Amino acid sequence: MKTIFSQSVAGRTACLPPMPEERAERFLPKELMRAKRPVLPEVSELDVVRHFTKLSTFNYGVDSNFYPLGSCTMKYNPKYTEYIAALPGYTTPHPALAQLPKGAQYTQGSLETMYEAEQMLCELTGMDAFTSQPMAGANGELTGALVIAAYHKDKGNKKTKIICPDAAHGTNPASAVLAGFEVVNIESKDGMVDPEALEAVLDDDVAAVMMTCPNTLGLFENHLPAIVEKLRKVDALLYYDGANFNAIMGKMRIGDVGFDVVHLNVHKTLGTPHGGGGPGAGPVGVCSRLEPYLPNHRPAKADDGTFYLDTDNPKSIGHMSPFYGSFAVMLKAFAYMVRLGGEGLTRATERAVLNANYMRKRLENHLYIPYDRICMHEFVASASKLHDECGVRALDIAKGLLEKGHHAPTIYFPLIVKECLMFEPTETESKETLDGFLDDLIEIIEAGKKDPESLFSAPHNTPVRRLDETKAAREMVLTDEV
């Protein structure tokens, strides 16, 4: 694919707007001015339109294709939520208006929506209070870890450690470290947190355990009651990573089973767009004893039924984002919850779990399934036996899927499974879509057994073929053509 610069022809131009009368050199300091004019491509409007239209056809998006990525919940985003978020009553007020004297009276609709969205999240999770300020899942994790730190500091607890299972998401230990804690890892047993391994490292220095349920292997943590009981004895908290909440939404309220803090990835669970560099949203919920430490400026309801921003929280950890976080993203999540209702959200969970188990059963005779039992919304397969027999790795299977026009599943995560392939179909995909993907995947696996070399050089029909990923990352070369 040629770059736009390689299509440049001296003297060729498109229809350009007139130059402004005010020149930059009249109001910019000299040290900020360029020494020479920028080198820009000289192309026609048709060149530009065709170039970027062609580039757009290489994009892979959930509106046009199936993403089987494990642990990412890449489900279709319904378009009615975009309509709701674009309503003028939501988009026209200045973000700071509600913070101004008497400004709340002009933003009652927005404040009420924020308040209602947080109340819905409380009902969905069993938490007592929520903040929609965090602007991403990882930002929500950090918020939760800071709330944990503030709670223990306020009580005078000398807590220095947070425990993370070996199957935890990578951001868990990062968030704990950023909040000032030492991370202690524990090994899983039969794919789940081992209560004995937990007890071996559990002492008065432990502030919390960060885990998700179901975990990254798609397995429900059956030992939750024992884990909660052990944590309570040392006044340690239990943090819920909401990345896998799509597996239990409407079926289990995590606050009811002993979790104290949760962040939710609304792009994974509540129908908002995923990726694209942001903005995102990672609302955080807490039990009642942690509510005083939530970020300031939370929407509240007065006795007369009006809404305002509550700033009277002296123990708050402060702001985690400008204004109220990603307001438009939370609007989409709110619209999704209202439209589906409790029954619809529960059905979404049931179908996500059904789809994952359907895929698992179809693959169990073609790939090794290390934990071959009823899974939740995702499951892990392994190409380890295939690798031992004919040298085909998880990476080769993934490249073969690219050649078939499919997005590959997550590979090599979690690290505790060799040659790992992690599948999560979500509830939005039909049986026909799943069967088409599985038919091609099984064909690739069987072809790899007979002719491994055919996979070692795949893909052959993509704009960019097989790369040395390590070298490409470390020795990046940007040229006119690839």
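Remember, it's a predicted structure, so these values are computed and weren't measured experimentally.

(A) Structural detail: the sheet that holds strand β12 (residues 379–382). Read across the sheet, 3 strands follow the order β12-β14-β13 without closing on themselves; strand pairing throughout is antiparallel. On the outer flanks of this sheet lie β12 and β13 (410–411), each paired with one strand and no other. When β13 meets strand β14 (residues 420–423), the two strands line up antiparallel, connected through 2 bridges. Following the sheet pairing, I411 is matched in β14 by L421. Strands β12 and β14 of the sheet are contacted by helix α10 (residues 327–363), whose axis makes an angle of about 20 degrees with β12.

(B) Region of interest: the nonpolar core. In this structure, L238, I254, F259 and L270 are the most contacted members of the largest nonpolar core, which totals 43 residues. Listed by contribution, the elements that provide at least two residues to this core are α4 (108–125), β3 (182–186), β6 (206–211), α8 (224–233), β7 (237–242), β8 (261–264) and α10. With 7 residues, α10 is the largest single contributor of residues to this core. With near-sequence residues (within four places) excluded, L270 lies in contact with K75, L121, L124, M249, K332, A333, Y336 and M337.

(C) Just the pairing of β6, in detail. The buried count for β6 comes to 6 of 6 residues, which makes it a mostly enclosed element. As judged from the 3 bridges shared by strand β2 (residues 161–165) and β6, these two strands associate in the parallel manner. What sits directly across from I162, in β6, is A208. Two elements, β6 and β7, share 4 bridges in a ladder whose sense is parallel. Residue pairing in the sheet places M210 in a bridge with Y239 of β7. A crossover links β6 with its parallel partner β7, the connecting element being α8, and its sense is right-handed.

(D) A look at the domain arrangement of the chain. Parsing the chain into structural domains produces domain 1 (5–57) and domain 2 (81–339). Its C-alpha centre places domain 1 at a distance of 45 Å from the equivalent point of domain 2.

(E) Broad picture of the side chain of T107. Among the secondary structure elements, T107 is positioned in the loop between α3 (88–91) and α4. Taking relative accessible area as the criterion, T107 reaches 7% and is therefore assigned buried. A distance of 3.4 Å separates a polar atom in the side chain of T107 from the backbone oxygen of G103. If near-sequence neighbours (up to four positions away) are discounted, T107 is found in contact with P93, L97 and A98.

(F) View of the UniProt feature "domain: Glycine dehydrogenase C-terminal" (unreviewed entry) in the chain. The UniProt record marks residues 348–446 with the feature "domain: Glycine dehydrogenase C-terminal" (unreviewed entry), using the residue numbering of this structure. Within the segment residues 348–446, helix and strand shares are 49% and 10% respectively, and the terminal C-alpha atoms sit 33 Å apart.

(G) Representation of the environment of I444 in the model. As for its placement among the helices and strands, I444 is situated in helix α13 (residues 431–450). Expressed as a C-alpha distance, the spacing of I444 and L40, which sit 404 residues apart in the sequence, is 45 Å. Apart from the residues lying within four places of it in its own chain, the contact partners of I444 are I397, G400, L401, K404 and L455.

(H) Inspection of a nonpolar patch on the surface at higher detail. Side chains of V48, F52, L55 and F58 sit close together on the surface and give an oily, nonpolar patch of about 330 Å² of accessible area. Summarising the element assignment, L55 is placed in helix α1 (residues 45–56).

(I) The arrangement of unusual backbone geometry in detail. In this structure, the amide linkage connecting C213 to the following residue, P214, adopts the cis form with an omega of 5 degrees. Note on placement: P214 falls in the loop between β6 and α8. In the segment running from F413 into P414, the intervening peptide bond is cis, with an omega of 0 degrees. Within the secondary structure layout, P414 lies in the loop between β13 and β14. Its identity as a non-glycine residue notwithstanding, S71 has a phi of 70 degrees, on the positive side. By secondary structure assignment, the location of S71 is in the loop between α1 and α2 (80–85). One non-glycine residue, F323, lies in the positive phi region at around 55 degrees. Within the fold, F323 resides in the loop between β11 (307–310) and α10.

(J) Quick look at the packing of aromatic side chains. Taken as a whole and assessed by the stated rule, the structure comprises 9 aromatic pairs. Taken together, a centroid distance of 6.3 Å and an interplanar angle of 85 degrees make the contact between Y151 and Y293 edge-to-face. Within this pair, whereas Y151 is found in helix α5 (residues 137–155), its partner Y293 is found in the loop between β9 (284–286) and β10 (298–301), the two being separated by 142 residues in sequence. Taking the relative accessible area as the measure of exposure, Y151 reaches 4% and is therefore buried. Assessed through its relative accessible area of 5%, Y293 is described here as buried.

(K) Main features of helix α12 (residues 394–403). With 8 of 10 residues buried, α12 is to be regarded as a mostly interior element. Residue G405 follows α12 closely and has a positive phi angle near 90 degrees.

(L) Up close: the packing of α4 against α10. Orientation of α4 relative to α10, taken along the N-to-C sense of each, is 45 degrees, at an axis distance of 10 Å. On the basis of their axis angle, the class for α4 and α10 is oblique. Seen along the crossing, α4 lies across α10 with a hand that is left-handed. Within the contact between the two elements, α4 uses S110, T113, M114, E116, A117, M120, L121 and L124 and α10 uses F327, M330, L331, F334, M337, V338 and L345. Taken together, the residues of the contact of α4 with α10 sort by class into 12 nonpolar, 2 polar and 1 charged.

Thresholds applied
- The residue numbering used here restarts from 1 in each chain and proceeds along that chain's sequence as written.
- Owing to the predicted nature of the model, reporting of local features is limited to residues with pLDDT of at least 70; listing and counting of side-chain atom pairs is limited to 80 or more, with chain, interface and lining totals taken over all residues.
- The side-chain values count all of the structure's non-hydrogen atoms but skip hydrogen atoms and water molecules.
- A pair of strands is treated as paired once DSSP finds two or more bridges between them.
- Note on conventions: DSSP H or I runs of at least 4 residues are helices, E runs of at least 2 residues are strands, and numbering of each starts at the N terminus.
- Contacts between residues were defined by any pair of non-hydrogen atoms, one from each residue, lying within 4.5 Å.
- Axis angles are defined between N-to-C directions and span 0 to 180 degrees, where every axis is a line fitted to C-alpha atoms and, for a helix, only to the segment in contact.
- Note on terminology: a nonpolar core comprises buried Ala, Val, Leu, Ile, Met, Phe, Trp, Tyr and Cys residues joined through side-chain atoms within 4.5 Å.
- Using a 1.4 Å probe on the protein chains alone, a residue whose accessible area is under 20% of its type maximum counts as buried, one over 50% counts as exposed, and one in between counts as partly exposed.
- Crossover handedness is defined here as right-handed if the route from the first strand over the helix to the second strand goes clockwise, with the strands pointing away from the viewer.
- The source of the domain bounds is an automatic or database domain assignment.
- Here a polar contact is recorded for every N or O atom pair within 3.5 Å, except that within protein the pair must consist of a potential hydrogen donor and a potential acceptor, and residues adjacent in sequence are included only if both atoms are side-chain atoms.
- UniProt positions are given in the numbering used here, feature names are shortened, and annotations may be inferred rather than shown by experiment.
- Only residues above 30% relative accessible area that lack a salt bridge enter a patch, with like-charged residues linked at up to 9 Å and the nonpolar side chains Val, Leu, Ile, Met, Phe, Trp and Tyr linked at up to 5 Å.
- What sets the accessible areas is the Shrake-Rupley method with a 1.4 Å probe; for residues, cover comes only from the shown protein chains.
- Take a side-chain nitrogen of Lys or Arg and a carboxyl oxygen of Asp or Glu: if they are within 4 Å of each other, that pair is a salt bridge.
- A pair of Phe, Tyr and Trp rings is counted when the ring centres sit within 6.5 Å of each other, with Trp represented by its six-membered ring. The angle between the planes then sorts it: under 30 degrees is stacked, over 60 is edge-to-face, the rest tilted.
- These descriptions rest on fixed angle ranges, namely under 35 degrees for roughly parallel, over 145 for roughly antiparallel, 65 to 115 for roughly perpendicular, and the rest for oblique.
- What makes a crossing left-handed is the near helix being turned counterclockwise from the far one by less than a right angle; a clockwise turn instead makes it right-handed.
- Polar here means any residue outside two lists: the nonpolar Ala, Val, Leu, Ile, Met, Phe, Trp, Tyr, Cys and Pro, and the charged Asp, Glu, Lys and Arg; Gly therefore counts as polar.

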